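# Descriptive analysis of the structure
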Amino acid sequence: MSDHTAVIFDLGGVVMGSPLHAIADYERELGVPAGFVNRLVVAIGREGSWSRLERGELTLEEFYPLFDRECAGAGHTLSGREMMERIRQVSLPRPAMLTAIDRIRERGLRAAALTNNWSDEGSAGAAQALAERFDVVVESAVEGVRKPDPRIYRLVCQRLRIEPPQAVFLDDIGRNLKAARALGMTTIKVDEPEAALAELAGILGFALHED
């Protein structure tokens, strides 16, 4: 058996369908270079519209025109409103992940959600709908801090009453995983959900699927 006592799950792209895939499809349809949105968000940094949205400093209606201007300033025309609608459409729970969370808690381990989201209906609504599945839910838009800021990882561990090395953390974004590893967490990058769950089961030492 593992020494880990908690598993921390990102929501979008892990427990639910992937926003990254929705954004990639939108970029492809528009003929925008792959990864443009991600590179723009990282390049603008914490004062950009996306980061401010996920810290709860902007509503979606405030975000849309700012994001559109940032995209245009970087050389491409995108609609923040259209992009967010596409993200909303894919934000459906993955049954295998829900089963895994149930198995983890049945075994006496604690489970948490740690998500970068926004305060309007949609991302925040999804977190609320899944809240009963978890012992702890930490949302960037509520806390005013977002991954990969180390403070939000420490916060979820504090609420779980664990130290970071006691946790396994699943996310679909490399920079979020890097920050968690720096604190001592065991990390799993989620590209294919079933592969990620198989890796998690190997770490924990018990099956996470339905019999």
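Residues numbered from 1 in each chain as written. Predicted model: local features only at pLDDT ≥ 70, side-chain atom pairs only at ≥ 80, totals over all residues. Heavy atoms only, no water.

## Section: the nonpolar core
Ranked by internal contacts, the top residues of the largest apolar core, which has 28 residues, are Phe9, Val15, Ile104 and Leu200. For this core, the secondary structure elements donating two or more residues are β1 (6–9), α6 (95–106), β2 (110–115), α7 (123–130), β4 (167–171) and α11 (193–204). (Core = buried A, V, L, I, M, F, W, Y, C linked by side-chain atoms within 4.5 Å. Buried < 20%, exposed > 50% of the residue type's maximum accessible area, 1.4 Å probe, protein only. Helix = DSSP H or I, 4+ residues; strand = E, 2+ residues; numbered from the N terminus.)

## With respect to the layout of surface pockets
By rolling a water-sized probe across the atoms, one finds the places where empty space is left. Looking at the largest pocket, its volume works out to about 650 Å³. Lining the largest pocket are 31 residues, with Pro19, Leu20, Ile23, Trp50 and Ile173 sitting closest to its centre. For the lining of the largest pocket, the elements supplying multiple residues, two or more each, are α1 (19–30), α2 (36–44), α3 (49–54) and α10 (174–182). Of the residues forming the lining of the largest pocket, the biggest block, six residues, is contributed by α1. (1 Å grid on protein atoms, 1.4 Å probe; cavity = no way out; pocket = protein on both sides within 12 Å on 5 of 7 lines; lining within 4 Å. Points joined across faces, edges and corners; volume = space filled by probe spheres on them.)

## Quick look at the pattern of salt bridges
Opposite charge on two side chains makes pairing possible when the charged atoms of those side chains draw close. According to the stated counting rule, one finds 17 salt bridges in the structure shown. Between Arg28 and Asp25 there is a salt bridge, with its nearest N and O atoms 2.2 Å apart. Placement of both Arg28 and Asp25 in helix α1 is noted, with a separation of three residues, approximately one turn of the helix. Across the pair Arg105 and Asp135 runs a salt bridge whose closest N-O atoms are separated by 3.0 Å. Separated by 30 residues along the polypeptide, Arg105 in helix α6 and Asp135 in the loop between α7 and β3 (136–139) bring together distant segments of the chain. With relative accessibility at 31%, the residue Arg105 sits in the partly exposed group. Salt bridges sharing common partners tie together Asp10, Lys147 and Asp171. (Salt bridge = Lys/Arg side-chain N within 4 Å of Asp/Glu carboxyl O.)

These figures capture arrangement, not role.
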